[in-house]
Amino acid sequence: MKVKKAVVPVAGLGTRFLPATKAIPKEMLTVVDRPTIQYIVEEVVASGIKEVVLVTSAGKAAIENHFDYSFELETYLAQKGKFDLLREVRNISRLINVVSVRQKEPLGLGHAVMVSETVVGNEPFVVVLGDDLVDSDVPCVYQMLKVFERLDESIVAVQKVPLKEAHRYGIVEGEEIEPGVYRIERLIEKPAPGTARSDLAIIGRYCLRPEVYGCLRRTLPGIGGEIQLTDALDTLRKERALYAYEFNGRRFDAGDKLGYLQATVTFALEHQEVGGPFKAFLKGLAKNF
Ligand code: UTP
C-alpha cells in the first residue's frame, strides 16, 4: 500500500535547548534561513508525501502557524511589491496539508506516535522527528520508501555510531540481508554504557506498518518512564518483521546544541547565497587554530 502520510512528533519539551526553547518550540529554531521543521517538511514533500500529521502540545502553535496562510503578511508583501518574498512565504503554506493532533502529556515518543492513529488509521506511514535533520542527495524518506515498497515490512533508518556513544541511542542488532539492509533480531533503547553489541543506531526516520499501533497500545513505560517507540518496535519485530536501513547521507540531532551547530555549518556551506562567503570566513577562522 502506498505511504501517504508523515507523522511528525513535535510535542517534546526540548529541555536540552533551554532557555532558547522556553517560549519557542525547538522545531522553530532557525538553521541558516528556515526553521528546522521546514527542512523536515521539505524532505517529506520531496519524497512524494503531501499529508503531514503534526503531533503537538501546548506552546507549539508557532509550528502550525508557520505552515498556514498569513493573510496580513501576504497582503503587506504584495502592497510593497516584494514578490520574491511573497512567493517564498506562499510556498511554505502550499507545500502540504497539515493536520494536528494533541499529545496531552509528554509520555514519550511511542505515545506521541500512538495518538496519531485517529488520523492515520489502517495505512502504512512514515515518522520523521521534528528535530532530526538529514543532509543527503536523495531525500532520506524517499530512500526508505523505496526499501519499504520492496519489503512491505516496517523499516527504521540507522547509522553507524562509535560504540562508546551507543548508550545515547536506540540500538539494533541483526543480520545484513543485502548491502545496508538488516533483518532486526533485537532492539534496545539506550543500552547501559559498555553493553551494546552493535553500532547500528536508530535515527529519527521510520516507515511503519499500521500494526505498530496495536504494539504501542500494549507497550508499558520503559526507560525514563516514557512509552518508547523502540519497545513497541521490538514487539512488532517478534510478531511480523522489522528491518533496518543504513541510509545515504549525514544526520544531525538539531535538538542538541552541538548537533544544531553542525547542521548550521553544513547547511550554510551548501546555501546558494551565503555558502561562498561563509566558506571564506571559516577558512580565515581555521588559520587561527
Ligand atoms: P526528544 O527526546 O529528542 O525530544 O524526542 P524532547 O523530549 O523535546 O527533548 P529534550 O530531551 O527534552 O531536549 C524525540 C522526538 O519526539 C518528540 C519530540 O518532540 C522530538 O521530536 N516527542 C518526545 C514527543 O512528541 N512527545 C514526547 O512525549 C516525547
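Criteria and cut-off values
- Residues numbered from 1 in each chain as written.
- Predicted model: local features only at pLDDT ≥ 70, side-chain atom pairs only at ≥ 80, totals over all residues.
- Heavy atoms only, no water.
- Helix = DSSP H or I, 4+ residues; strand = E, 2+ residues; numbered from the N terminus.
- Rg over C-alpha atoms; globule rule 2.2 N^0.38 Å.
- Buried < 20%, exposed > 50% of the residue type's maximum accessible area, 1.4 Å probe, protein only.
- Contact = heavy atoms within 4.5 Å.
- Areas by Shrake-Rupley, 256 points an atom, 1.4 Å probe, with all protein chains shown as cover.
- Lys, Arg positive; Asp, Glu negative; His and termini not counted.
- Charge placed at Lys NZ, Arg CZ, Asp CG, Glu CD.
- Near = heavy atom within 4 Å.
- Polar contact = N/O pair within 3.5 Å; in protein donor to acceptor, adjacent residues only side chain to side chain.
- 1 Å grid on protein atoms, 1.4 Å probe; cavity = no way out; pocket = protein on both sides within 12 Å on 5 of 7 lines; lining within 4 Å.
- Sits in = over half its atoms within 2 Å of the grid points.
- Core = buried A, V, L, I, M, F, W, Y, C linked by side-chain atoms within 4.5 Å.
- Points joined across faces, edges and corners; volume = space filled by probe spheres on them.
- Nonpolar A, V, L, I, M, F, W, Y, C, P; charged D, E, K, R; others polar.
- Salt bridge = Lys/Arg side-chain N within 4 Å of Asp/Glu carboxyl O.

Would you mind showing me how to read the overall build of the protein here?
A tally of regular secondary structure across the protein gives 11 helices and 13 strands. For the protein, the C-alpha radius of gyration of 19 Å lies close to 19 Å, the compact-globule estimate for 289 residues. Each principal axis of the C-alpha distribution contributes one length, and for the protein these read about 60 × 50 × 40 Å. The burial tally for the protein puts 49% of its 289 residues in the buried class. Excluding contacts between residues fewer than 6 apart, the proportion of contacts in the protein whose partners are at least 24 apart in sequence is 75%. Surface accessibility of the protein: about 14,700 Å² in total, with carbon and sulfur atoms responsible for 53%. Across the protein, 38 positive and 39 negative side-chain charges occur, with their mean positions spaced 2 Å apart.

Would you take a moment to explain the site of the ligand for this structure?
Taken together, 19 residues surround the ligand, and among them Gly-14, Thr-15, Arg-16, Gln-103 and Gly-108 come closest. Note that an oxygen atom of the ligand is positioned 2.9 Å from one of the backbone N or O atoms of Gly-12. Here Leu-13 contributes a backbone N or O atom positioned 3.1 Å from an oxygen atom of the ligand. Relative to its unbound accessible area of 570 Å², the ligand is 84% covered by the protein chains. Judged by its atoms lying within 2 Å of the grid points, the ligand is housed in the largest pocket.

What is the right way to read the nonpolar core from this model?
Generally speaking, nonpolar side chains in soluble globular proteins are found buried as a group. Core analysis: the largest hydrophobic core is formed by 43 residues, its most contacted members being Ile-37, Ile-49, Val-126, Leu-133, Ile-155 and Cys-207. In terms of residue count, the dominant contributor to this core is helix H7 (residues 140–151) (6 residues). Discounting chain neighbours no more than four positions away, the residues touching Ile-37 are Val-8, Val-10, Glu-27, Met-28, Leu-54, Ile-63, Phe-67 and Gly-130. Formed by 31 residues, the second largest nonpolar core is a distinct cluster that contains Met-114, Leu-200, Leu-229 and Ala-244.

What is the right way to look at empty space enclosed by the protein in this model?
The rolling of a water-molecule-sized probe over the atoms marks out the regions of remaining empty space. Going through the model one piece at a time under the given rule, you end up with 1 cavity of 30 Å³ or more. If you add up the space inside the largest cavity, you get close to 30 Å³. In terms of lining residues, the largest cavity is bounded by Leu-163, Lys-164, Ala-166, His-167, Pro-191, Ala-192, Pro-193, Gly-194, Thr-195 and Ala-196. Its residues placed into classes, the lining of the largest cavity shows 6 nonpolar, 3 polar and 1 charged.

Quick question: what am I supposed to make of the pattern of salt bridges here?
Enumeration according to the criterion identifies 26 salt bridges in this entry. Of the charged contacts in the structure, one is a salt bridge between Lys-60 and Glu-27, with a shortest N-O distance of 3.1 Å. With Lys-60 in the loop between strand E4 (51–56) and helix H2 (61–66) and Glu-27 in the loop between strand E1 (5–9) and strand E2 (30–31), this pair connects stretches of sequence that are 33 residues apart. Judged on exposure class, the residue Lys-60 and its partner Glu-27 are both buried. The network of salt bridges with shared partners includes Asp-152, Glu-153, Arg-209, Glu-211 and Arg-240.

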